[in-house]
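# Chains, contacts and geometry: an overview
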Amino acid sequence: MTAPVQTPQPFPTRIFSGIQPSGGLTLGNYLGALKRFVEKQDEGIETIYCLVDMHAITVWQDPVKLRQQTREAAAAFLAAGIDPARSILFNQSQVTAHVELGWIFNCVARMGWMGRMTQWKDKAGKNAEAASLGLFAYPALMAADILAYKATHVPVGEDQKQHLELTRDIAIKFNNDYGVTFFPLTEPVIEGAATRVMSLRDGSKKMSKSDPSDQSRINLTDDADTIAAKIRKARTDPDPLPDSLAGLKDRPEARNLVNIYAALAGHTPEQVVADFAGAQFGTFKPALADLAVAKLAPITAEMNRLMQDPAEIDRILGEGAARAEAIARPILDQVYDIVGMIRSRRG
Ligand code: TYM
């Protein structure tokens, strides 16, 4: 084995990120990921976004619903402002480089690393014996998603931080084992006021598409009345809003609503508490509901419009997949060469 060869990084800036089409997208997905994906695209950076259907099936997915949810997630990306002319948008299973590199990374990653992943522990729960092997290997496939494009930056919510650290560990081990500077050490990009949007029913739990309570989340498909009702019923405490962020310490539900307001308005949480200092939730919640409806209703309407034409969505995903493949395939060819595979088949 040769000495570590890591810095400086000779890799051009390229953004990759993904979302699982394992249910409808939530306000957490929108603020923590989708909205920021659009911002990155609009900054003119090369952006590749993927609906990770292969990750989705690490837990059971009804085939009819999976196809529907994948189209719906694609519609959400487009409705939120992803422009297929400027970003690459596709579903993972159409670009086989992901699973090919995923297998190689299964052979690089160590069992111990995977066993320490909190998502694995949470999702497998007490009955790890019954969990799928794919769920255990999930983070290696995620590393492959990113590194099949040598992506340098990955915008994600807080909950994906550990998976991004593992991606770096895999890149480092691959580079060291084979004595190459082949993969970049990808940076997570976790920024903004809403990197961890919490449940509307419990400020200690993440807002999630898999929460059994629909009241716990805002779905991108919710209509205006539903959004307003969910915010009105959101759990809070009896105190008015403080005049500084320090006053929200130990008030997780209040802090969450302030963060959501800030992210939707494009303000900082500091500005929001300054604007609403002393206000009761009876005043703040309707203001938040109005803001949420104003920002989300046009996206929902556009999603509904796009969903009328599934063939057009499939066409966009297919075109994105072809462009993604054109980037990933030459990288995979080099990986096979580095690893020592014979590639003599023609045609
Ligand atoms: P997923 O599908 O759970 O979530 C997609 C994105 O949404 C963010 N997110 C949140 N952000 C703030 N608050 C929340 N309550 C919230 N819930 C979800 C997530 O952090 C994520 O950025 N493993 C990934 C999918 C994936 C991926 C990748 C991501 C597969 N390959 C490669 C980046 C790069 C996941 O399950 O995300």
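Residues numbered from 1 in each chain as written. Predicted model: local features only at pLDDT ≥ 70, side-chain atom pairs only at ≥ 80, totals over all residues. Heavy atoms only, no water.

### Here we look at the packing of helix H4 (residues 97–106) against helix H7 (residues 133–147)
The interhelical angle for the contact between H4 and H7, taken along N-to-C directions, is 125°, at an axis separation of 8 Å. It follows that H4 is oblique to H7 by the angle criterion. Like other packed secondary-structure pairs, H4 and H7 cross with a definite hand, here right-handed. Contacts from His98, Val99, Leu101, Gly102, Phe105 and Asn106 of H4 reach H7 at Ala137, Ala140, Leu141, Ala143, Ala144, Asp145 and Leu147. (Axes fitted to C-alpha atoms, helices over the stretch in contact; angles between N-to-C directions. Helix = DSSP H or I, 4+ residues; strand = E, 2+ residues; numbered from the N terminus. Parallel < 35°, antiparallel > 145°, perpendicular 65-115°, else oblique. Left-handed = near helix turned anticlockwise from the far one by under 90°. Contact = heavy atoms within 4.5 Å.)

### A few points about the pattern of salt bridges
Here the idea is simple: oppositely charged side chains can pair when their charged atoms come close. Within this structure, the stated rule accounts for 23 salt bridges. Of the charged contacts, one joins aspartate 42 and arginine 86 as a salt bridge, the two residues approaching to 3.2 Å between their closest N and O atoms. Remark: arginine 86 occurs in the loop between helix H3 (63–80) and strand E3 (87–91) and aspartate 42 occurs in helix H1 (residues 27–42); sequence separation between them is 44 residues. Residue class for arginine 86 comes out partly exposed when judged on its relative accessible area of 47%. Beyond isolated ion pairs, a larger network of salt bridges with shared partners links Asp214, Arg217, Asp222 and Lys230. (Salt bridge = Lys/Arg side-chain N within 4 Å of Asp/Glu carboxyl O. Buried < 20%, exposed > 50% of the residue type's maximum accessible area, 1.4 Å probe, protein only.)

### Digging into the domain arrangement of the protein chain
Along its sequence, the protein chain is carved into domain 1 (14–190 + 309–339) and domain 2 (214–305). Every contact between the two is made by 13 residues of domain 1 and, on the other side, 13 residues of domain 2. Buried area between domain 1 and domain 2, summed over both chains or domains, comes out near 1,100 Å², and the portion from carbon and sulfur atoms is 78%. If you sort the residues of domain 1 by the area they bury against domain 2, Leu27, Tyr30 and Ala79 come out on top, with a joint share of 43%. Seen at the junction of domain 1 and domain 2, the total is 0 salt bridges. Counting across the domain 1 and domain 2 interface gives 3 residue pairs in polar contact (both at pLDDT 80 or more). Of all the secondary structure elements, the ones that give two or more residues to the side of domain 1 that touches domain 2 are H1 and H3. The residue inventory of the side of domain 1 that touches domain 2, partitioned by class, reads 9 nonpolar, 1 polar and 3 charged. (Domains from an automatic or database assignment. Buried area = accessible area lost by both parts, 1.4 Å probe. Polar contact = N/O pair within 3.5 Å; in protein donor to acceptor, adjacent residues only side chain to side chain. Nonpolar A, V, L, I, M, F, W, Y, C, P; charged D, E, K, R; others polar.)

### As for the nonpolar core
In globular proteins that are soluble, nonpolar side chains generally tend to be buried together. By size, the foremost hydrophobic cluster in this structure holds 60 residues, and its most contacted members are Leu27, Tyr30, Leu31, Leu34, Phe77, Ile260 and Phe284. Broken down by element, the residue count for this core peaks at 11 residues, all from helix H12 (residues 281–307). When residues of this core are sorted by domain, at least three fall in each of domain 1 (14–190 + 309–339) and domain 2 (214–305). Discounting residues that sit within four places of it in the chain, phenylalanine 284 has contacts with Leu241, Leu257, Val258, Tyr261, Val272 and Phe276. In terms of nonpolar packing, the next biggest core, distinct from the first, is built from 49 residues, Leu101, Met114, Tyr149 and Tyr336 among them. (Core = buried A, V, L, I, M, F, W, Y, C linked by side-chain atoms within 4.5 Å.)

### Quick word on the site of the ligand
Near the ligand, the surroundings consist of 27 residues, among which Tyr138, Asp145, Gly157, Asp159 and Val197 are the closest. One of the side-chain N or O atoms of tyrosine 138 is found 2.6 Å from a nitrogen atom in the ligand. In the environment of the ligand, an oxygen atom lies 2.8 Å from a nitrogen or oxygen atom belonging to the backbone of glycine 157. When isolated, the ligand has an accessible area of 710 Å², and the protein chains bury 97% of it. If you list the elements that add at least two residues to the shell around the ligand, you get strand E1 (15–19), H1 and H7. (Near = heavy atom within 4 Å. Areas by Shrake-Rupley, 256 points an atom, 1.4 Å probe, with all protein chains shown as cover.)

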